[in-house]
Amino acid sequence: YVKESRLRDTMVRVYAGMFGKDPQVVAIHAGLECGILSDKLPGLECVSIGPDMHDIHTSRERLGIASTQRTWAFLLEVLKRL
């Protein structure tokens with residue numbers, strides 16, 4: 001977790017603007033790859049995002065189509081603002 005992040009601040013603003021509420025910003029296991037990459041590339045800003053997922057790493061793994069569409073729209077808007 002990096003205390004100051006232009007990328008994260010931009011993503012929080014875009015999320016709040018698109019969805020009318022602040023996102024949850026937490027450090028969790030799902031962000032493991034972000035930590036590994038930022039250790040290898042000093043100064044790299046990383047944020048882990050994704051759609052609603054269920055039964056992860058099982059044969060019943062699935063994700064919500066609506067949340068995938070929201071995640072895609074969110075990502076596109078973030079990229080426009082960077």
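Reading guide: rules and limits
- Sequence order as written defines the numbering, with residues in each chain counted from 1.
- Thresholds applied to this predicted model are a pLDDT of at least 70 for local features of residues and 80 or more for the giving and counting of side-chain atom pairs; totals over whole chains, interfaces and linings are not thresholded and use all residues.
- Hydrogens and waters are ignored; side-chain quantities use all the structure's heavy atoms.
- The way it works is that DSSP assigns letters per residue, a run of H or I at least four long becomes a helix, a run of E at least two long becomes a strand, and they are numbered from the N terminus.
- How far a helix is expected to stretch is found by multiplying one less than its residue total by 1.5 Å.
- Three exposure classes are used, based on accessible area relative to the maximum for each residue type with a 1.4 Å probe and protein chains only: buried under 20%, partly exposed in between, and exposed over 50%.
- Here, the arc refers to the directions that run from the helix axis to the C-beta atoms.
- By definition in these notes, contact holds between two residues if any of their heavy atoms fall within 4.5 Å.
- Pairing of aromatic side chains requires ring centres within 6.5 Å, counting the rings of Phe and Tyr and the six-membered ring of Trp. Pairs whose planes differ by under 30 degrees are stacked, by over 60 edge-to-face, and all others tilted.

Undergrad: I'm lost on helix α3 (residues 65-81) in this one. Help?
TA: Because the α-helix completes a turn every 3.6 residues, residues three or four places apart line up on one side. The terminal C-alpha atoms of α3 lie 25 Å apart, and with 17 residues this matches the ideal 24 Å at 1.5 Å per residue to within 8%. Taken together, the buried positions of α3 are Ser67, Thr71, Phe74, Glu77 and Val78. What you see down the axis of α3 is that its buried residues fit within an arc of 130°, all on one side. With respect to the buried face of α3, the exposed residues turned more than 90 degrees away are Ile65, Gln69, Trp72, Leu79 and Lys80. Tucked inside the fold, the buried residues of α3 contact α1 (6-19).

Undergrad: I'm lost on the environment of Ala16 in this one. Help?
TA: Here Ala16 shows up in helix α1. Filtering out sequence-adjacent residues up to four positions away, Ala16 remains in contact with Lys21 and Asp22.

Undergrad: In this structure, what is going on with the packing of aromatic side chains? I would like to understand it.
TA: Here a ring pair, both rings aromatic, is described through the centre-centre distance and the interplanar angle of the planes. As enumerated under the stated definition, the model contains three aromatic pairs in all. Taking the centre distance of 5.7 Å and the plane angle of 85° together, the rings of Tyr15 and Phe74 count as edge-to-face. One end of the pair, Tyr15, is in helix α1; the other, Phe74, is in helix α3, with 59 residues separating them in the sequence. Exposure remark for Tyr15: the relative accessible area of 22% places this residue in the partly exposed category. Note on Phe74: relative accessible area 7%, which makes it buried. On the numbers, 6.4 Å between centres and 50° between planes, the contact of Phe19 with Phe74 is tilted. Of this pair, Phe19 sits in helix α1 while Phe74 sits in helix α3, and the two are 55 residues apart along the sequence. Given the relative accessible area of 28%, Phe19 is considered partly exposed. In textbook terms, an aromatic cluster arises when at least three aromatic residues are bridged by ring pairs, as seen for Tyr15, Phe19 and Phe74.

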